[in-house]
Amino acid sequence: PGLHPTRGARILVAGEPVGFVGELDPQVLDRHDVGERVAYLEVDLGALFAAPQRSHAYGQISRFPASDIDLAFETPDGVSALHVEQTLAVADELVWSVRLFDVYRGAPVADGARSLAFAVRLQAVDRTRTDADVAEVRQRLIAAVETAHGATLRG
């Protein structure tokens, strides 16, 4: 309560809430004569520090060049961007990193949908990928997201 209806989020660690972050609701700001936007953060540090920690996994650094591709998908609003990102991350062994860089709503994206654009870095530790390798992985990534999330690739 008190946070902007579309600019707030619960903070989860291992699926358990440990706090909230967001922008205060403009109606709350008006009631207190605050004319600027205000951010809010609440974190239960005890719960945060008690949460399971990931092990520090280190991997081999590649001496071969990476290939970066951008993929934009039209997804229903109910599809989590994080789930799409996770699908991309595990769809192929050459995926080195995935980063959401744009969320778009409006024409020509259908009502009830949005466009999610991801930067995907492909890299192998044992060789330089060919254009054919990259094209093949790209098709696997697209197919994985379309199948798992009912998404379509945007041109």
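Now for a look at the structure at hand. Residue numbers run consecutively from 1 along every chain, following the written order of its sequence. Reporting of local features is limited, given that this is a predicted model, to residues whose pLDDT is at least 70; pairs of side-chain atoms are given and counted only at 80 or more, and all residues count toward the totals for whole chains, interfaces and linings. With hydrogens and water excluded, all non-hydrogen atoms of the structure serve as input to the side-chain values.

Each helix and strand in the protein was counted, giving 4 helices and 7 strands. What the globule rule says is 2.2 Å times the number of residues to the power 0.38, and the radius of gyration is computed from C-alpha atoms. Since a compact globule built from 155 residues should have a radius of gyration of about 15 Å, the 20 Å found for the protein marks it as more spread out than a globular shape. Taking the principal axes of its C-alpha atoms as reference, the protein extends roughly 60 × 45 × 25 Å. Of the charged side chains in the protein, 15 are positive and 22 negative, and the gap between their average positions amounts to 4 Å. Here a helix means four or more residues in a row that DSSP labels H or I, a strand means two or more in a row labelled E, and each is numbered from the N terminus. Counted charges follow a simple rule, with Lys and Arg positive, Asp and Glu negative, and His plus the chain ends left uncounted. For the purpose of locating charges, the reference atoms are NZ of Lys, CZ of Arg, CG of Asp and CD of Glu.

So, on to the sheet that holds strand β6 (residues 113–122). An order of β5-β6-β4-β7 is seen for the 4 strands of this open sheet, with the pairing classed as antiparallel. Pairing within the sheet leaves two strands with one partner each, and these edge strands are β5 (95–104) and β7 (152–153). Between two residues, a contact is recorded if the distance between any of their heavy atoms is within 4.5 Å. Fitted lines through C-alpha atoms give the axes, limited to the stretch in contact for helices. The angle between two N-to-C directions lies from 0 to 180 degrees. Sheet strands in contact with helix α3 (residues 81–90) are β4 (67–76), β5 and β6, and its direction is about 30° off that of β6. Sitting on the sheet, helix α4 (residues 131–149) is in contact with β4, β5, β6 and β7, with an inclination near 20° to β4. Here, any two strands with at least 2 DSSP bridges between them count as paired.

Core analysis: the largest hydrophobic core is formed by 21 residues, its most contacted members being L71, F73, L88, F118, V120, L122 and L141. At the level of elements, β4, α3, β5, β6 and α4 are the ones that each hand at least two residues to this core. Take this core: its biggest share by element is 5 residues, from α4. Every residue in contact with L88, bar those within four places of it in the chain, is listed here: L71, F73, V95, V98, F118, V120, L141 and V145. To qualify as a nonpolar core, a set must consist of buried Ala, Val, Leu, Ile, Met, Phe, Trp, Tyr and Cys residues joined through side-chain atoms within 4.5 Å. Throughout this description, buried means an accessible area under 20% of the type-specific maximum (1.4 Å probe, protein chains only), exposed means over 50%, and partly exposed covers the range between.

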